[in-house]
Amino acid sequence: MPSHLFADRPAHQPSPRGTVDELISQTRRLRGDVAAVRRDAALDEDDPQGRWQRALCDLAVHHLDDLGSHLDQLREGVPAQQGEPSTATGEGFGSFPYEDPAPHTGSLLSRVGSAEWNLLTDDINWSEELFDIFGRTVQGGPMSLDELPAIVLTEDQGHLTTMVTECLVDGKPIDGEFRIVRPDGRVRTLHMMGEPVLDPDGCTASMWAVLRDVSELRRSQRAVHDSRDTLARRQHLDLTERRIAKEMQETVLPPWNGALAYPERGPAALDVAGHRLPATDSTLIGGNWFDALQLPSQQMLLSTGDLTGHGVSATSSMAMLLGALRGMALAGIRPGPLMGHLNEVLDSSGQPALGSALCCHYDPASRVLSWAQAEHPAPLHFRGGTGRTMAQPDGMLLGAASAAAYEQAQAALLPGDLLVLHTDGLTRGADARDGSGVDRLLALAPRFDGLNAQECIRLIVEEFGDGERQDDACVMVVRISG
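The shown structure was predicted, so the numbers you read here are calculated from the model rather than taken from an experiment.

1. A few points about the sheet that holds strand β1 (residues 112-118)
Spatially, the five strands line up as an open sheet ordered β2-β1-β5-β4-β3, and their pairing is antiparallel. The open sheet terminates on both sides in strands that have one partner only, identified here as β2 (124-126) and β3 (174-181). Mean inter-strand twist for the sheet, computed between neighbouring axes without regard to direction, equals 25°. Here β3 runs beside strand β4 (residues 187-198); their pairing, made up of eight bridges, is antiparallel. Looking across to β4, one finds that aspartate 175 is bridged to methionine 193. Of the strands in this sheet, β3, β4 and β5 (204-213) are in contact with helix α4 (residues 154-170), which crosses β3 at around 145°.

Structure follows, in structure tokens:
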């Protein structure tokens with residue numbers, strides 16, 4: 001009787017060996033490239049994207065292993081029957097090294113076995129590989145179709161029984177998977193393909209099958225699925241956090257757009273405009289702020305600040321700090337002592353953070369600016385087409401140390417003077433060591449002449465808006481009225 005493997009099918013002519021060898025070489029090169037990509041992938045186990053990439057690489061390697069084993073078999077021709085010497089050299093694709101994190105169960109070819117159950121004689125033939133797959137010894141003998149369900153997981157027994165019954169009774173081919181428990185307790189996933197072998201009368205005489213251990217492949221597929229789900233959840237959380245941070249920032253920053261005159265009633269003492277410039281990476285929403293507020297004393301509160309970090313924690317800390325700053329300013333606390341209190345607020349916060357800040361009080365009656373700072377860029381003062389950086393009073397970073405003291409400075413201003421208050425994200429650019437940003441701002445002095453606050457903001461945005469920034473930035477322009 002001809003081999004049932006080729007029953008009712010014309011035999012394929014072997015492919016030219018040189019062509020198959022070239023395909024094997026290409027597959028091995030591709031497998032090596034995938035291995036290199038996996039080795040270069042990030043090893044941070046807390047990074048969902050990295051885990052997903054590594055899982056995809058593992059899955060790709062398993063598929064390339066399959067392709068390589070099929071090409072090996074194609075090159076070697078029809079496999080030797082059990083008991084006959086094999087002509088395989090053992091130097092095929094399956095021996096190609098790869099740093100697989102999963103434990104190897106032998107070469108890929110050893111994870112494929114065949115079986116035939118003869119219904120007329122009750123003879124059972126298993127290949128040596130199938131004994132290895134089931135964890136059984138040759139002396140223990142093969143298992144009958146009736147015995148097979150005993151080692152199959154309970155939830156898979158019905159599926160196996162249905163496949164075998166439909167094959168034997170209805171002549172349907174078998175193509176499905178089930179899980180077994182080996183004698184050593186290990187659970188393996190097997191993929192079985194088979195067909196009935198008919199006698200001359202068209203009745204089922206036997207059933208043959210090829211069984212393949214696909215446990216590692218299915219584990220890789222589950223890893224891809226699980227890591228993809230984890231990545232999707234992380235991306236959803238990140239998107240939600242950015243939305244909340246954005247909404248919180250927009251809620252806390254001044255609600256006015258364009259220019260604003262202070263005081264709101266009576267002759268204007270200040271012409272004020274502000275603007276926020278996002279970071280080059282728009283997902284980075286930090287704790288920057290600018291603020292202007294008229295105090296009960298008719299003085300004006302002007303402030304800018306920046307907290308470390310990004311996201312909801314940074315914007316929530318910014319909201320808390322700005323609220324405290326406004327409250328203390330409304331209570332009449334001057335800039336120097338106020339900065340000391342802000343430092344204590346941030347130092348005792350449940351969300352540890354550091355921050356820089358600038359707090360100014362402007363008295364429209366005397367045109368005197370009183371201010372204090374905490375490691376923050378000093379105001380830029382423009383007059384008569386020239387600009388300068390105001391001399392900074394001492395003040396350390398907010399939250400860096402308890403009971404810190406902050407000096408307070410004063411400066412007399414004249415009608416037409418212009419102040420630019422900003423966070424360091426505006427002038428720092430992509431390179432934190434590049435200090436040319438402040439010089440670029442000061443170089444705008446001749447162009448500021450005759451412009452109102454909003455027009456000056458527009459000029460600054462034109463100069464700095466397209467530049468690369470590591471962080472978002474805030475800028476506020478204050479024109480002293482006559």
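There is more to say after this.
2. Quick word on the pairing of β1
Where β1 and β5 come together, seven bridges link them in antiparallel fashion. Looking at β5, one finds that glutamate 116 is bridged to tryptophan 208. Across three bridges, β1 lies against β2 in antiparallel orientation. Residue pairing across strands places tryptophan 117 opposite isoleucine 124, the latter belonging to β2.

3. Quick look at the sheet that holds strand β10 (residues 355-363)
With antiparallel pairing, five strands are arranged side by side in an open sheet as β8-β9-β10-β11-β14. Each edge of the open sheet carries a strand with a single partner, namely β8 (286-294) and β14 (409-412). For this sheet, the mean angle separating the axes of adjacent strands, direction not counted, is 15°. With nine bridges connecting them, β8 and strand β9 (residues 300-310) associate as antiparallel partners. Looking across to β9, one finds that aspartate 291 is bridged to serine 303. Each of β9, β10 and β11 (368-374) touches helix α7 (residues 335-347); the most contacted strand, β11, lies at about 25° to it.

4. Some remarks on unusual backbone geometry
In this model, aspartate 122 sits at a positive phi of 65°, which is unusual for a non-glycine residue. Residue placement: aspartate 122 occurs in the loop between β1 and β2. The class of aspartate 122 is exposed, set by a relative accessible area of 64%. With a phi angle near 55°, arginine 367 is a residue other than glycine that sits in the positive phi range. Looking at the secondary structure, you find arginine 367 in the loop between β10 and β11.

5. Quick word on the packing of aromatic side chains
Counted according to the given criterion, the structure contains three aromatic pairs. Each ring, one from tryptophan 126 and one from phenylalanine 134, has its centre 4.9 Å from the other, and the planes form 40°; the classification is tilted. Of the two residues, tryptophan 126 and phenylalanine 134, neither departs from the other in class, the shared state being buried. Note on phenylalanine 382 and phenylalanine 448: the rings are 5.0 Å apart at their centroids and 90° apart in plane angle, and the pair reads as edge-to-face. Residue phenylalanine 382 is located in strand β12 (residues 380-383), and its partner phenylalanine 448 is located in helix α10 (residues 445-448); the two are separated by 66 residues in the primary sequence. Comparing phenylalanine 382 with phenylalanine 448, the two get one shared label, buried. A connected cluster of aromatic rings, assembled from ring pairs, spans Trp126, Phe131 and Phe134.

6. Section: the packing of helix α6 (residues 312-330) against α7
In the contact formed by α6 and α7, the axes pass within 10 Å of each other and the chain directions differ by 145°. Of the two elements, α6 crosses α7, and the hand of that crossing is right-handed. Residue-level inspection shows Met320, Leu321, Ala324, Leu325, Met328 and Ala329 of α6 in contact with α7, the latter providing Leu338, His341, Leu342, Val345 and Leu346. Its residues assigned to classes, the contact of α6 with α7 shows 10 nonpolar, one polar and no charged.

7. With respect to the confidence of the model for the chain
Model confidence for the chain is summarised by a mean pLDDT of 80, while 78% of its residues fall at 70 or above. Every residue in residues 1-15 is under pLDDT 50, and counting partners more than four places away or in other chains gives eight contacts. Low pLDDT, under 50, characterises residues 78-110; the stretch is placed with 55 contacts to residues that sit more than four places away or in other chains.

8. A look at α4
Here α4 contains 17 residues, and its C-alpha end-to-end distance of 24 Å stays within 8% of the 24 Å for a straight helix at 1.5 Å per residue. By the burial criterion, the buried members of α4 are Asp156, Leu160, Met163, Val164 and Cys167. Looking down the long axis of α4, one finds its buried residues gathered within 90° of arc, a one-sided arrangement. Every exposed residue of α4 that faces more than 90 degrees away from the buried side is listed here: Thr154, Glu155, Val169 and Asp170.

9. Some thoughts on the environment of isoleucine 24
Looking at the secondary structure, you find isoleucine 24 in helix α1 (residues 17-40). For isoleucine 24, a relative accessible area of 6% translates into the label buried. Placed 45 residues apart in sequence, isoleucine 24 and serine 69 show a C-alpha to C-alpha distance of 9.2 Å.

10. What about the side chain of threonine 304?
For threonine 304, the position within the fold is in strand β9. With a relative accessible area of 0%, threonine 304 lands in the buried category. Setting aside residues up to four positions removed in sequence, threonine 304 forms contacts with Trp289, Phe290, Ala357, Leu358, His376, Leu421, His422 and Met476.

11. As for the pairing of strand β15 (residues 418-422)
Burial within β15 is extensive, with five of its five residues counted as buried. Burial along β15 is two-sided: Leu418, Val420 and His422 and Leu419 and Leu421, pointing in opposite directions, are all buried. Sheet analysis places β12 next to β15, joined by three bridges and oriented antiparallel. In the strand pairing of β15, leucine 380 is matched with valine 420. Bridge analysis of β15 against strand β16 (residues 473-480) gives five bridges, and the strand direction is antiparallel.

12. Brief notes about the pattern of salt bridges
Scanning all chains against the criterion turns up 13 salt bridges. With a closest N to O distance of 3.0 Å, arginine 188 and aspartate 213 form a salt bridge. Taken together, the positions of arginine 188 in strand β4 and aspartate 213 in strand β5 put the pair 25 residues apart, joining distant regions of the chain. On the basis of relative accessible area, aspartate 213 is assigned to the buried category, the value being 9%. For glutamate 463, the salt bridge identified is with arginine 440, shortest N-O distance 3.3 Å.

Quick notes on the rules
- Residues numbered from 1 in each chain as written.
- Predicted model: local features only at pLDDT ≥ 70, side-chain atom pairs only at ≥ 80, totals over all residues.
- Heavy atoms only, no water.
- Pairing = 2+ DSSP bridges.
- Helix = DSSP H or I, 4+ residues; strand = E, 2+ residues; numbered from the N terminus.
- Axes fitted to C-alpha atoms, helices over the stretch in contact; angles between N-to-C directions.
- Contact = heavy atoms within 4.5 Å.
- Buried < 20%, exposed > 50% of the residue type's maximum accessible area, 1.4 Å probe, protein only.
- Phe/Tyr/Trp six-rings, centres within 6.5 Å; stacked < 30°, edge-to-face > 60°.
- Left-handed = near helix turned anticlockwise from the far one by under 90°.
- Nonpolar A, V, L, I, M, F, W, Y, C, P; charged D, E, K, R; others polar.
- pLDDT = per-residue confidence, 0-100.
- Expected span 1.5 Å × (residues − 1).
- Arc of directions from axis to C-beta.
- Salt bridge = Lys/Arg side-chain N within 4 Å of Asp/Glu carboxyl O.

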